Structure formats: structure tokens, C-alpha cells
Protein chains: 6
Amino acid sequence: MSPSSSNNYSYEYFNVTFPQPYIAHVEINRPEKLNAFIEIMWQNLAKIFTQLSHDPSVRAILLTGAGDRAFTAGLDVHAAAQSGPLADAEKEGASQDVARRALYNLRHITDFQACITAIEKCEKPTLTLLHSLAYGLALDIALSTDLRITTTSTRFAIKEVDIGLAADIGTLTRLPKAVGSMAWVKDVALTGRVFGAEEALRVGLVSEVVQGGKEEGVRRALEVLGVVAQKSPVAVRGTKEILDYGWGRTVEEGLRYTAVWNSAMIQTQDIKDALLSGIQKRKPTFEKL
Amino acid sequence: MSPSSSNNYSYEYFNVTFPQPYIAHVEINRPEKLNAFIEIMWQNLAKIFTQLSHDPSVRAILLTGAGDRAFTAGLDVHAAAQSGPLADAEKEGASQDVARRALYNLRHITDFQACITAIEKCEKPTLTLLHSLAYGLALDIALSTDLRITTTSTRFAIKEVDIGLAADIGTLTRLPKAVGSMAWVKDVALTGRVFGAEEALRVGLVSEVVQGGKEEGVRRALEVLGVVAQKSPVAVRGTKEILDYGWGRTVEEGLRYTAVWNSAMIQTQDIKDALLSGIQKRKPTFEKL
Amino acid sequence: MSPSSSNNYSYEYFNVTFPQPYIAHVEINRPEKLNAFIEIMWQNLAKIFTQLSHDPSVRAILLTGAGDRAFTAGLDVHAAAQSGPLADAEKEGASQDVARRALYNLRHITDFQACITAIEKCEKPTLTLLHSLAYGLALDIALSTDLRITTTSTRFAIKEVDIGLAADIGTLTRLPKAVGSMAWVKDVALTGRVFGAEEALRVGLVSEVVQGGKEEGVRRALEVLGVVAQKSPVAVRGTKEILDYGWGRTVEEGLRYTAVWNSAMIQTQDIKDALLSGIQKRKPTFEKL
Amino acid sequence: MSPSSSNNYSYEYFNVTFPQPYIAHVEINRPEKLNAFIEIMWQNLAKIFTQLSHDPSVRAILLTGAGDRAFTAGLDVHAAAQSGPLADAEKEGASQDVARRALYNLRHITDFQACITAIEKCEKPTLTLLHSLAYGLALDIALSTDLRITTTSTRFAIKEVDIGLAADIGTLTRLPKAVGSMAWVKDVALTGRVFGAEEALRVGLVSEVVQGGKEEGVRRALEVLGVVAQKSPVAVRGTKEILDYGWGRTVEEGLRYTAVWNSAMIQTQDIKDALLSGIQKRKPTFEKL
Amino acid sequence: MSPSSSNNYSYEYFNVTFPQPYIAHVEINRPEKLNAFIEIMWQNLAKIFTQLSHDPSVRAILLTGAGDRAFTAGLDVHAAAQSGPLADAEKEGASQDVARRALYNLRHITDFQACITAIEKCEKPTLTLLHSLAYGLALDIALSTDLRITTTSTRFAIKEVDIGLAADIGTLTRLPKAVGSMAWVKDVALTGRVFGAEEALRVGLVSEVVQGGKEEGVRRALEVLGVVAQKSPVAVRGTKEILDYGWGRTVEEGLRYTAVWNSAMIQTQDIKDALLSGIQKRKPTFEKL
Amino acid sequence: MSPSSSNNYSYEYFNVTFPQPYIAHVEINRPEKLNAFIEIMWQNLAKIFTQLSHDPSVRAILLTGAGDRAFTAGLDVHAAAQSGPLADAEKEGASQDVARRALYNLRHITDFQACITAIEKCEKPTLTLLHSLAYGLALDIALSTDLRITTTSTRFAIKEVDIGLAADIGTLTRLPKAVGSMAWVKDVALTGRVFGAEEALRVGLVSEVVQGGKEEGVRRALEVLGVVAQKSPVAVRGTKEILDYGWGRTVEEGLRYTAVWNSAMIQTQDIKDALLSGIQKRKPTFEKL
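Basis of the calculations
- Residues numbered from 1 in each chain as written.
- Chains lettered and ligands numbered in written order.
- Predicted model: local features only at pLDDT ≥ 70, side-chain atom pairs only at ≥ 80, totals over all residues.
- UniProt positions renumbered as here; feature names shortened; annotations may be inferred.
- Helix = DSSP H or I, 4+ residues; strand = E, 2+ residues; numbered from the N terminus.
- Rg over C-alpha atoms; globule rule 2.2 N^0.38 Å.
- Buried ≥ 20, exposed ≤ 12 C-beta atoms within 10 Å, placed from the backbone.
- Contact = placed C-beta atoms within 7 Å.
- Least-squares fit on C-alpha atoms with pLDDT ≥ 70 in both.
- Pairing = 2+ DSSP bridges.
- Axes fitted to C-alpha atoms, helices over the stretch in contact; angles between N-to-C directions.
- Expected span 1.5 Å × (residues − 1).
- Arc of directions from axis to C-beta.
- Parallel < 35°, antiparallel > 145°, perpendicular 65-115°, else oblique.
- Left-handed = near helix turned anticlockwise from the far one by under 90°.
- Nonpolar A, V, L, I, M, F, W, Y, C, P; charged D, E, K, R; others polar.
- Domains from an automatic or database assignment.
- pLDDT = per-residue confidence, 0-100.

In the Pathway (unreviewed entry) part of its UniProt record, chain A is described as follows: "Lipid metabolism; fatty acid beta-oxidation."

S.K.: Explain the overall build of chain A here, please?
M.R.: Per the secondary structure count, chain A includes 11 helices and eight strands. In terms of C-alpha radius of gyration, chain A reaches 20 Å, essentially the compact-globule figure of 19 Å for 289 residues. Considered along the principal axes of its C-alpha atoms, chain A spans approximately 70 × 40 × 40 Å. For chain A, buried positions account for 63% of its 289 residues. The contacts in chain A between residues at least 6 apart in sequence include a share of 70% that link residues at least 24 apart.

S.K.: When you look at the relation of the copies chain A and chain B in this model, what are you seeing that I'm missing?
M.R.: Mapping one chain copy onto the other needs a rotation about an axis and a shift along that axis. Mapping chain A onto chain B calls for a screw motion: a turn of 120 degrees about the axis and a shift of 0.0 Å along it, with 0.0 Å RMSD after fitting. As the rotation angle and translation indicate, the two copies are arranged about a three-fold axis. Closest approach to the rotation axis among the C-alpha atoms of chain A is made by G180(A), whose C-alpha sits 2.1 Å away.

S.K.: Help me out: how do you make sense of the sheet that holds strand 8 (residues 208–210) of chain C in this one?
M.R.: Paired through their backbone hydrogen bonds, the strands of a sheet run either parallel or antiparallel. Residues and elements named next belong to chain C. Taken together, the six strands give an open sheet; going across it, the order is 1-2-3-4-6-8, and neighbouring strands pair in mixed fashion. On the outer flanks of this sheet lie strand 1 (14–20) and strand 8, each paired with one strand and no other. Taking the axes of each pair of neighbouring strands and ignoring which way they run, one obtains an average angle of 25 degrees across the sheet. Across six bridges, strand 2 (residues 23–28) lies against strand 3 (residues 60–65) in parallel orientation. Paired with I28 across the strands is G65, a residue of strand 3.

S.K.: Please clarify how the interface of chain A and chain B should be interpreted in this entry.
M.R.: How big an interface is tends to be stated in terms of accessible area lost as the parts join. Taken together, the contacts link 41 residues of chain A with 49 residues of chain B. Elements with a contribution of two residues or more to the side of chain A that touches chain B: helix 2 (77–82), helix 3 (98–121), helix 5 (171–178) and helix 6 (182–191) of chain A. Sort the elements by how many residues they give to the side of chain A that touches chain B and helix 6 of chain A lands first, with nine residues.

S.K.: What should I look at first to understand helix 12 (residues 269–280) of chain F in this one?
M.R.: Since the α-helix advances by 3.6 residues per turn, residues separated by three or four positions end up pointing in the same direction. Along its 12 residues, helix 12 of chain F runs 16 Å from first to last C-alpha, staying within 8% of the 16 Å computed at 1.5 Å per residue. Within helix 12 of chain F, burial applies to D270(F), I271(F), A274(F) and L275(F). The buried residues of helix 12 of chain F occupy one face: seen down the axis, they fall within an arc of 130 degrees. When the buried face of helix 12 of chain F is taken as reference, the exposed residues oriented beyond 90 degrees from it are L276(F), I279(F) and Q280(F). Looking at the packing, one finds that the buried side of helix 12 of chain F touches helix 2 (77–82) of chain D together with helix 10 (233–246) of chain F.

S.K.: Is there a simple way to explain the packing of helix 10 (residues 233–246) of chain E against helix 6 (residues 171–178) of chain F in this structure?
M.R.: Describing two packed helices takes the angle between their axes plus the distance from one axis to the other. The geometry of helix 10 of chain E relative to helix 6 of chain F is characterised by a closest axis approach of 8 Å and an angle of 50 degrees between their N-to-C directions. On the basis of their axis angle, the class for helix 10 of chain E and helix 6 of chain F is oblique. You can see that helix 10 of chain E and helix 6 of chain F cross each other, and the crossing is right-handed. Contact residues: helix 10 of chain E offers T239(E), I242(E), L243(E) and G246(E), while helix 6 of chain F offers L172(F), T173(F) and P176(F). Considered class by class, the residues forming the contact of helix 10 of chain E with helix 6 of chain F number four nonpolar, three polar and no charged.

S.K.: Would you explain the environment of L201(F) in this entry?
M.R.: Residues and elements named next belong to chain F. Positionally, L201 belongs in helix 8 (residues 197–203). Note on L201: 20 C-beta atoms within 10 Å, which makes it buried. Separated by 51 residues in the primary sequence, L201 and T150 have C-alpha atoms spaced 8.7 Å apart. Once residues lying within four places of it in the same chain are set aside, the contact partners of L201 are V206 and V209.

S.K.: Is there a simple way to think about helix 11 (residues 269–280) of chain A in this case?
M.R.: Buried residues belonging to helix 11 of chain A abut helix 9 (233–246) of chain A together with helix 2 (77–82) of chain C. Where helix 11 of chain A terminates, the next one or two residues include K281(A), which has phi positive at roughly 55 degrees.

S.K.: Which parts of the structure should I look at to understand unusual backbone geometry?
M.R.: Trans peptide bonds make up the majority, and among non-glycine residues the majority have a negative phi. Even without being glycine, N35(B) reaches a positive phi, approximately 60 degrees. On the secondary structure map, N35(B) appears in the loop between strand 2 (23–28) and helix 1 (39–53). On the basis of neighbour counts, which here come to 28 C-beta atoms within 10 Å, the residue N35(B) falls in the buried class. We note that Y13(C) has phi near 75 degrees; this positive angle belongs to a residue other than glycine. Residue position: Y13(C) is located in the segment before strand 1. Among the residues examined, Y13(C) registers 18 C-beta atoms within 10 Å and is labelled partly exposed.

S.K.: Help me understand the environment of I38(F) in this model?
M.R.: Residue and element names in this part refer to chain F. Mapped onto the elements of the fold, I38 is located in the loop between strand 2 (23–28) and helix 1 (39–53). I38 sits 39 residues away from V77 along the chain, and the two C-alpha atoms are 8.7 Å apart. If we ignore the near neighbours within four places in the chain, the residues touching I38 are D76 and A79.

S.K.: In this structure, what is going on with the sheet that holds strand 1 (residues 14–20) of chain D? I would like to understand it.
M.R.: All names here are of chain D. On the basis of which strands lie adjacent, the open sheet formed by six strands has the order 1-2-3-4-6-8 and mixed pairing. Pairing within the sheet leaves two strands with one partner each, and these edge strands are strand 1 and strand 8 (208–210). With direction set aside, neighbouring strand axes in the sheet form an average angle of 25 degrees.

S.K.: Sorry if this is basic, but what is going on with the domain arrangement of chain A here?
M.R.: Residue and element names in this part refer to chain A. When the domains of chain A are assigned, the result is domain 1 (14–229) and domain 2 (233–280). For domain 1 versus domain 2, the separation of C-alpha centres amounts to 28 Å. Here the side of domain 1 that touches domain 2 is built from residues that sort into two nonpolar, no polar and four charged.

S.K.: I would appreciate a short explanation of the pairing of strand 1 of chain D in the present structure.
M.R.: Both faces of the sheet carry side chains from a regular strand, because those side chains alternate between them. Residues and elements named next belong to chain D. Taken together, the five bridges between strand 1 and strand 2 (residues 23–28) define a ladder with antiparallel strand orientation. Counterpart to N15 in the pairing with strand 2 is E27. In sequence, strand 1 turns back onto strand 2 through a hairpin of two residues, with Y22 there showing a positive phi of about 75 degrees.

S.K.: Whenever I open this one, the confidence of the model for chain A confuses me. Can you help?
M.R.: Mean pLDDT for chain A: 95, with 96% of residues reaching 70 or above. Overall fold confidence for the complex sits at a pTM of 0.96, while the interface term, ipTM, reaches 0.96.

S.K.: Hey, could you run me through the environment of R59(E) in this one?
M.R.: Residues and elements named next belong to chain E. Residue position: R59 is located in the loop between helix 1 (39–53) and strand 3 (60–65). Under the C-beta neighbour-count criterion, R59 is labelled buried, with 28 such atoms within 10 Å. Placed 226 residues apart in sequence, R59 and T285 show a C-alpha to C-alpha distance of 13 Å.

Written as C-alpha cells, this is what we have:
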């Protein structure tokens, strides 16, 4: 029997497939609009990753965009201009009071952020293959996944500044922690300029540039995730948890949390199995998580 | 009428000019001493950036050193040896009590730090063009600006260790956050060795090395700032605010602050104007800030 | 009389020598086991660095592994499988209660972490020369030192994931702060893959790749430490303290701590000596610390 | 037309009524079991407060227990022993692996905590009337509301220690911040002893002891909430937000967040209305929120 | 010669006198308006405390309101309705854009907060005698001083909620840290109700209720400050610094900062003098600070 | 066989006895000097609590002073004036350089703090019975224990200010978190005044005032600890851990740590035993920890 999930992952604007044992592939599927996002899409994205997070048949997740034209062009600005916080309050029959409008916006932004943070909170390791066009929300989303690789021809940009907006769904918060140059972060965030794969690698935004197009990218991404999926799910879960926790906290805080975490985790059978397999020079298999 | 500031920016040891609409150029002006700093200079520097911060005619700021020999050689050690906390307490008629001297020093260091932090707090985006010699205080100052680019021949060094001093005006606090290699930070901070433009780029201290001399550097810097100055001032202000706030805080804290910030900011007319201009394929113009 | 320490540094599995004035060389000495670690070794490592920390004859410390085959291969998994938290509780006659076992583990992990953190807390600057094989614990240890350089042929890996374990002694907490690419950190932490010197340099894990073998590496390392050892010990101590403190704290917190620290430190005679030497174009000498 | 909510608040084990304009009354309704909690109850509690949070007809919320015998006796331990993390893993057919069981528990505790935190996150001010018996979960819940008053005869206890458990749903985290004596907190948390209304008032756990029984308590609670419900909803929302945010953060952090928050909120019409009403000596009315 | 300050402390709306050696008395002086605050007043208040902070003739500061009718009734709402962020933007010719107005407000609130925080940052111990009427801003100000005592008849209230406003100048941030009952804090902040001296003592807002009127209050306040003024200024300065720093930080952070602080301070001559005086049973005198 | 410890607890200046099953009684034993502390005493105190922390025969610890005259009068100032950081550097042959002296002091204070923090880190619940005289260090120590009760006649004071010193061993860091009135904390810290048992109870420094003398106090203390010692050691350990962790951290941080902690702890047999005992109406017994 295949370990692939028998759960239902049918969500509008997304394809979820299981190309390899233990690996899920989530595809943003609105290619005719360059995979641009409307509200239902980020809500569905959150639901998908939340469901995958607890699915014992899944040990690693790949995220791409459908088609060859874009990972995603970001927010669908035409839709955003029609309803929601960027639309005209008057037209919406909403309160004209600035404070009430601000509180409405606060709920909206917080909900939107929570959808993207749901990717970060997914208990399974996640990898974004950046390809083609990766603008605006593309970075908010990619920065919420664990691993990032890109094809050679990807064009990246933090486009929010060009619509009069400071990016508020995660890019400005996570990018300075994810890469190694604050001067570069501010350059791309304040100018909105397009940059390419080699620059993304140089600053550390991605860990690898795959030679070739999207197909090669997917192949390489599945290879990496295939390696991860063979490890102990307990070890993988703990590694992700500790890395994310330590981000933006002091070393002392990080070590203390780690010690408490592992006080339970190292009681796992997986360690005994892994140690024994090491001695016996064979590949261990691990119970589902 | 030109949008350039009609305010008075006449401060000793500095030239403040307005080479392009919305752009201020601050030049450290003590070239005969390699632009080395004496107390009045960091006080004036703070005043200039505080004034520019609230000047509605200014949307971006360039910082350079006068002449071709140095951005700045750092603290004027001859002057520092004469008065202030590095001078001899006895000679100054100050208290000989260690605690009272420490409290005097604490006030002095705190005031000095506040002058440099005034650059960081400037509400407008700032860019340091590093050129020629950039020693000691040069880095404290450059690390308080948003953007950093350099010419090819710049020589950088954290020189404080060579005068028996741990750099206390910002470099040691900001540099580990600004670049991507703690081993490299400690190398240059503990050895005081000189490094060049390519190394500065590799570690992320600068986002770009401009081929050529200072003139080419200034031209390129104005080009970058020119792009920034065309964006919505509300979007630029928010982008800077959120990036700076997130530095050294957790993702959760950063997202929450961002949401509150944007709950008001996305009510701006700028977004409507930018969206409309996008549809109409024309450049938007924005109200002053 | 030589400034080298006359103290006794005789610890099992370690060689401590004084190859140059003010410089100690700590060598992990279990080459027949690829310098793999058993419990007594991390306890001794902590004792050595704690003793060196207060030894006035020491101003800089080099850490290497004995022999040419490994800096260290990491934890001795055979030994770990026999006793301690990774061993079978039953065999040990320990409590079978999960909570009691977790509390036993918590003590053990906390003690182990404290041993490695003792390196970080060493008041003197420390440099790890990574060479040959540098797996698992090799990184926990190296990340607790200030400086990291490598020879060209070093093979690095975060191996813990392969024994079913999230690395809990420091790597996962310190690595994301030490380098400039979270995507890369997660890649090497989740796959356990081997990487080389050039990659280590590119992401900022090391500040330099020394051409040649271990011998050339040691020579270069001593050269770097020789420079550091000539600086004011007060300035070096403060530089290290402030850099470590600022890591993972906000800029405001870092500046405040720095100001208090230096309010006493700049009363040192070393500054006067350094300033005078600068004027007289001679090398200053400084009192021991 | 009544401002009372026309929404449906029909949740098992709870009565939700609207005794006064703008005021909701939530009653825990399992009196035959002393209002002891089973899983569906904390899930419903979260749903109720989340719904009330966004209900524009509601400006203040009262929480009580049905009947005269208990606010709540806490967790239903009989039910907890049958399923969930306190039950026997074997019986449940769950994984016997300690790590996997721990991760299952982690999800469960996190979900449970989130249900109680949903009360804290409710945008409207909340008041718990503590009465009769208030054990265990009673305190976790009450500490998540804003206001706490009690009748004279209430018996309080942190009972978790008596079932071998450190209270993990909020009491141990929130109580030390909510009251003014850490020695007292540890006394009641470590001994599990019963204490009364006067002691609760003395340490600050409640702000008022109402003379009489539950009926008098409800009357007084509605009186207090009636006052709150007449204030500007924008001012009330901000007051709650800023108080909660500042808890456990530094003064600097609190002030900064406050300034950003109010930069939008003081643009409200409510202030103009309130100021004018003050001058005209009449009661202002405010738009719904 | 008297140790009283010979500096000039002439500020509109304030009387600054020196009733005893080393003690300054600052009196809010707008009694005909119940000492209600207009903008120039909080600016002057900040200037006064900043000047006193560095005045070596001053070792302790008393703050009261002029006249018998009010310490202060808080913000002068009539003035606030005419100009500033609570006034009508249109009338002011200010930008109608919500974002620009918010940024204007942000500057204003930040400046206002900084004026009150200047009291907290004053290096000398400060005491507020609360008397008569102490509404709104009265609490923001009193919470920024170190010591708080009250006369029996004082009426206190957090009045901001009644003008549609969440108190943003400090009360909501500092009060939950200053007293021991969060339920009580929320009660008085959300209802705006008036409370008295005994209640203020019970919750810890003040440390003492002086029997009698303002005259008795001032006499007692000077008595307390007289005791403080006889202590070593170095010890007093450090005690205040460490207490304020620890507020809202972890114990670990507090201890580390304390250790660095005292590493310089205990080198003071004051300790030797105090120890010797103790042995000789006489009162020590200390050098000015 | 008695559950009392068979370990050796023989430390100079301390008596350690086991008056009841599972309860240790630590007595400061230098009554002829009012139990005043010299360096060997705080070092021994740390050793005792560290040993008790891991002693499975111990479940609760009482701390008192020998004799009827003092719990402790604090630091032995005569001894402190002879050697250590408060003594004359010259006399000690130590470095006269201010920075080197400061670094020596820093080590000394940090070590001293660590000795007192060892009490706080003790895994077992601790209770200080404050009696007779409790000055200076008495409070540093008592604030590091979990529970504090007092006899009626105890005289308390923060005496450090009277020897020219800001208390740096813990009182100023822990007291503002432990009690509910910052105004009161500053009052007693800045004036050094003596206060009594009723005041200590009112502000929350102690949780109980025992009528009578030291004998009655000990009897009551043992009664309280007897209750604690009967609880599950796993539940007690977790309750203490979570309470201490949450202190000075945000609610979010506290809840997350709690969830991870309990994910292992609720797998304990103690819960099953406690639940069963509850049903069977008998007292549970628990395995040692």
C-alpha cells in the first residue's frame, strides 16, 4: 500500500498531489492570472498546510505555481481594489470613521498574516521552488517555508511599494532574518526593483540555483525533499521547531527551550533504530508521525 | 517652484545641498582632517538628520564625505585626548571618584550614541556612499543609514580596538545584525584589519560596488535615491519602519506591530492613486509628507 | 620570563600548549576515534576554557583536533548508546516513568549545553580551525568560538538528524544567527548533507579558507591570533562582550548595555597608552588582564 | 429597535443571553456536574467569545456558571481519564512511542490553551463573576477575562497539583502577572489549598467582593459592565489592547506600540462627540464597532 | 554656602524651589485651571526634570500641584480641542489624508510621551505627592516618578476613556507594572471611576496615606526625601537604575545588567566613607554627583 | 527505612537536618555574628541547594537562621572591608587600573549572584521563614526561594543603600516582580528603612504572618511544606518551573514553554495514580524524583 495520503485535498485554485511516497506537492493554480492571489486563495492555502501538518502520510511538502509564466505575480490588485481594506470604504457601505475602518483593517491584515503563518507553523518541512515570476506575495509565502531553491530565470521583486503599500504579510518581518545583508534588504524593499537567481543565491534568499527550467527545478526539489523524508520524522520535526524558535531570540532562550523539547524527544524509538541501522549499515524506517 | 527645501541647513563642518527634487545631500566637511569627527560634528549631524526627517520637501538623503581622501577617518583622536571621557580626568578638574567618572562617561556615551541613532530614526530613507577611507566612526554612521554602497577603492576598518577601546557608538551592536557572518564580524572587530569593497559586498555590508571613483559613486547613489523618491512617501516610511522594528525581535512581534501600523496607513489616498496609475500606465504623484 | 601560562592544563583527551606568547592551543586528542566525544571530554573542554578564561598569561586561544583525519567526527555514538540519555533506560536501572526520564534527560542536556557554552563565555577570544572532518558536535563547538577559519579540504555536516536527533547542544540555536541564509541552514540541518570549505565561506560560517592542509591552517590561525593578542586586553574583552550581548537583542538594548560597560572600561590606562603609542609610532604594551 | 444581537449563539453546555443593551451574558451550563469541563465545552467557549468579539451589538460580556453550586469545578477528571492526553495511550490505540505521544500531547495542549486564549483575545471587555466553587480551570478562564469580581462565599483553588499535573492552560502563566505576591501565588499553586473571597481581594485576584450571593453578584457585575458599555467602543477597545500588550513587555515597547495604535484611533469621531457632550453636559452616544 | 542650586529654573506654569538642602520642589502652577495641562506645560516639565537630573546640588525632587484644589485635573480638553491631534484636521489646514494625519499624530504622541518619560529618566529620585484632584495626566505623571504618597482626601481617576481616548502617555503601560492587581487596573481604566486614597494604598499605587491635608503631605514628603538625600548619591542612582531596568525584563537580564553596573560603582569612595562612618557611628557626607 | 537523605550535608556555617520525611531544613549557622555572611557562606549555601536539588529523598526545603536574634543581618561588612571588591584595591596588591578592577569586580559579583541564583534553580520547592532580623542579603536570599512566611516580630530592611551600595545580588531585580507596589519597593530600597511583618504581608512580600516566635514559625513552615511534600514530585517540579519561567516574559512565551514542558510530563504515572486515588478516596504515593 502506498504511504500517500488518502485524505481529500480538494481546494479551489490549488492542486495537491503526492508525486512520491511521503511527499506532497501543492501547486498554486490560477495560471491565467499569473497565479495572482485573491482572498479565497490565501484562506485555502492555510487550510491545505494545516491539513498537511497533521497528515501522517506526509513528511515533506513542495510548493510551486501552475504553468511556466509565474510562481505568483502576487496580490491580484484588480480584485483588491474592488473589496477589502484597499477598496473604497464608501463604496463598501462600511464605516467612514477612521478608527472603525482601522479596526476593520486590523482584523483583515491579522487574518491574512495568519493564513501565511499557517505555512510556517506546518509541522512538516516545506520547500518553495521559485520560478518564472515571483513578485510581492511570492516572497511573503516563500519566506514562510523552510527551504527555498530557484530556477535560473526567476525574476524576483518586492512589489508592494509600487502600489503605495508597505508589505505587511510577512516579507518585511522575515526577510531581514532570512538573509545576510540589511543594506540589500532595504535596497530591494525601497526600490521594488527586479532581481535574479544569482543575486538571490548570493544574499542567501535561496540555497541553490537549479540549472534549467521549472521541470528541472521540480525534479531537484523532489530529490532534496526525498532525502528529508527518509529521516526520522521526530528528528525532522524537532530540527524545524528549534530553528524557528531560536530566530530572533537570545542564545540562552533558545538553548533552554531546546533542552526541554529534547527531554521528551530523545526517548523516541527512532534513535535506537537509527543507531542500530548505522551499525548494520542499512537504511532505517520510522513509524509515522 | 522647486520642491527642494527652502529651510536653512547651515551647520558647521557640513554641507547640505539639494541636487535633485526631493533629495538632500549631506556632506561631512572637514577634508583637511580626513573628515575626522570632533564633538560638535556628531551633534550637528544629529541636528541635520532630525531636521531633514520632518522636512516635507525631502524624500531621500545621501551621505558622503567632502574631498577624495576620506569618507571619514573616524574619531579625531587628538581632540578626544584633550577633553571628554577619553581625556585625563585630573586635567579636566573632574571628579577623581571612579563611580562619578563612570556616570559622567555614561552620560557622554549615551549622548554620543543618541546623535548617531538620530540618523537611524530619520523618517526618510538614507544612503551612505562609502568611499576612500572609512574607518571607525565611519561604520557606526553608515550602519545607521538604510542603504550602503561603495566605490571600488574604499578601505574599511573597525579601528577602535587599536586605541584600546571597544567601539561603543553602534558598530558592535548593529554590524552583527546587518551582515551575514558573525565569524567575519569578530575577525574585523578584533583585529582592526583593513578590508576592501569586494569583501564588504561578499559579507553584505554594502549592497553594491560602483565601478569608478567618488563621482561615479555619487551619480549611482542619486540614481538609486531617485527611484525611491518617486515612490509613495507613505509606503516608503512604512517599509523603513517595519524593517527596523523587526530587527532583533521575533516574527510574532514584528507581524503584530506591522498589522497595527498598516491599519491606518492603507487608508491613504496614495494606494488609490498608485493603483489607478498602474491601470493607466502612468507615473503617480503623491502628496508631500 | 615567558608570558606563557605556568598553570597546569593537564586534562584527559586534550593537549594544551602555548606555541606563542599569550596564545594557548587546545587540541582535541582522541585521534584514533576521529576525536569523537565521550562525556568526560566535553566536561574537560569546559574546564579548560574556564581556566583559560581567567589565566592572565593567555590572550587568545586556538582550537583544533589532533591528527589529520578529523577536527572531530562528533558524538561517539557507540558510547552514547551504552549510557546517558540516548541509552536504554531499562538497562540503566533508571526510572521507567516518562516524566522522570525526561527530567533526567533535561539535567543531562542542560549540563552538556553548559559545557559548550563555557567556550562562549571564555573571556578571551577563541578561534576554531576547522579541518579534515567536522561533523555534528564539531559545529556546536565551533559556533561557540569567536572566529572560524577552515582548510580547503574540510568536510562539514550537521549529522544529528541521521541518528534520529535534533541537534540540541547549540548548532540549531547559534547557526541561524551566525550565518546569512536561513534557507541554507535548514537545508544542511534537515538533509544532514556534507558541504565543503567554499560553501562554508560563501554563507559566512567561516571568515577565511586557508589554502593548504592543517599545518598551513594552524600557521594562519596563529597569525590571526597573534594580531589579536597584541591589542589591549581591555578593548578585546569589551569587543567580544558587546558583540555577544547584542546577538538576538534589539539595537536599543545593545546600545544601553554597551554604554554602561564602557563607562568603566574607558577609564583604563590602555587607551592613554594606545593613544600615546599612536602618536609616537610605536607598539604599545598592555598590563595583563 | 433593540441593540441586542440577533445572531445565533446556540452552543451546547452554554447559555448566551442579552440581559441589557450591548451586554452579553455567557453562562457555563452543566450544573449537574458542577459545570465541570469536557473537551466540547472549551471548544464552544472559544467559539462563543470569538463570535461575540466581532458582534457589533455587543460591548461587554459577563461570564458566570449556571446554578448556585459552582462557577466551575474545573476539568471533568472522569472524562479526562477516558480519552485525550491524560488517558492511557494504549487504550486509545495511539502510538506508544514517547516522542510521538509527546507531539500528540503538544497539539492537544496548544489547542486547549488557544481556546482559553480566545477569551483573552475577545475585542470586547469581559468580566468573570466568580461564585460558589471556582477550582482549577475556573482560574485559567477567569484570568483570561479582563475584570474579576466575586461573591463573599466563593471557594477558590488551583487544584491541578492534586491530580499530578502542573496547570498548563494559563493559570501558572497569567496569575503571577495578575496579582501582587509571588509568594502567595506559589503557596496556592503548590499546596492546592482552598482560599476565600477576602484573600482573593487582598492579593488582587479580584477587584471587588460583592456582599450576598450569586444574584447580587450578577446585579453588581451588570452594573459595572453597564458603565463600560456606555463609553466609546473605540476608547474601550484601545484601553484593553494597550493594557494587555504592555503586560510582560518593557515600558519602551509598550509606549511605542501605544503611539502607533493611537495615531489612527484618535482620528475617531467618538472623541469629538465625547468632548462636545462634555461641554453640553449630556451623555454621548457612539457608532457601533 | 548653601548646597541649593544656583541654576535658573524659571519655566512658565511651574514653580521650582529648594526648600531644604539637596531637595527641589517642582510645583505645577496653573491653579485657576485646576493645574490642567496645555502643550507648553509638558514641554516645560520635561525641561525642568532634565535640568534637575544633571544638577549636582539636587539629590531628590518633590512634585506637587499649586493650590488646594488639584494636583492636576489632567489634560486641558478645551485647549486640546482647538489644536493638536485631537482637534479638527480641516480647521488646522493639515493634510486630510488618513495616513499623513496618522503620521502627524504619531510624532505628536511620541513627543508627548518623551516629555513624561523625561521624568522617569531623571537621574535623581522623585516623589509625587498626590492631593486634591488627580485625574488623567496626573497618573501618567505620577507613575513616572519613583515614589508616590497621597493625602487622605485625594480623588483619583483615569479619565481618558470618558473623552473617547485610550490613555496613551504612560498610564496604561506603567500602571499594570506598578500595582498588584490587573483586575483592578482594568476596572479603573475601563470605567473611569473615581477612587480614593485608601484604595490607592491597598492596591499599591501609593506607598503611604498621610493623615491631613496638602500641608501635612508636603511635610511628610520632604521628610522622606530628606532621608534619601542623606544617602550616597552613587548608591541612590544605582538603586533607581537597577529597579527601573529590571521592570519588565527577566531576572537573568536584570542580574547581568546589575553586575556590569556595579563593577564600576563599587569602586566609589562613598562605600569606604559609609563603612568607616558606620564603624565610627557618625553620619557620612558624600561628594556631589 | 526512612526516606530522609543519607547523603552528607556537612558544610561550614550551616546545619542541614531532616525533621520530617522528604523535608530538609537548612539553617544559617553563625549566630554569634547575627548570621552575617562571609564569602565561604554564600558558596556553601549554593552547594547545599544544588545538592538538595538532585537528592531524591528531598521534596521540600525550609531555610531559617540559627538562634533567635537574626535570620541574617546580611553581609558581614567588617569582612567585606578587608578583602573582595569592597576592600581597598591597593591593599590587596590588585591592579590599580579602573577597567581591570571593574572586570575583577564583575567576576566577583557574577559569582556571588550565581550562588544566590542556585537557590532559585533548586528543583525542589523552598520556603524561607523570615524571623528576628532580616536585613540586606536576607532579602536577596528570601526572594530566591519560592515561599516566604514570617513571624510577627521580624524587622526587615534593604540595608545596602546605607553602605553606599546598590543591592546587586538579587533584591533590586526580584523584588519588583515579587510584590505588588513599585512605589513601596522604591520607598524601602531608597530609604533603607526598617519595616515589619504586617507591612510585608500587605505588599505581598510574604504570604503569611505566623503568630508567635521562631518556634511557632518553624512549626507552621513545616506544616506547609508537609502538604507540598505529599503532592506528586512531577507536578510540583512543573508548577515551580512554569511559574518561574513566566515571570518577566509575555503570556505567549509562557504558554508555549508550558505546552512543551507538559507534553512529556503528563505521560507520568503520577497522574494515573492521583486520579485513581481520587476516585478511591485515598492518599496517593509517588515514586521518588
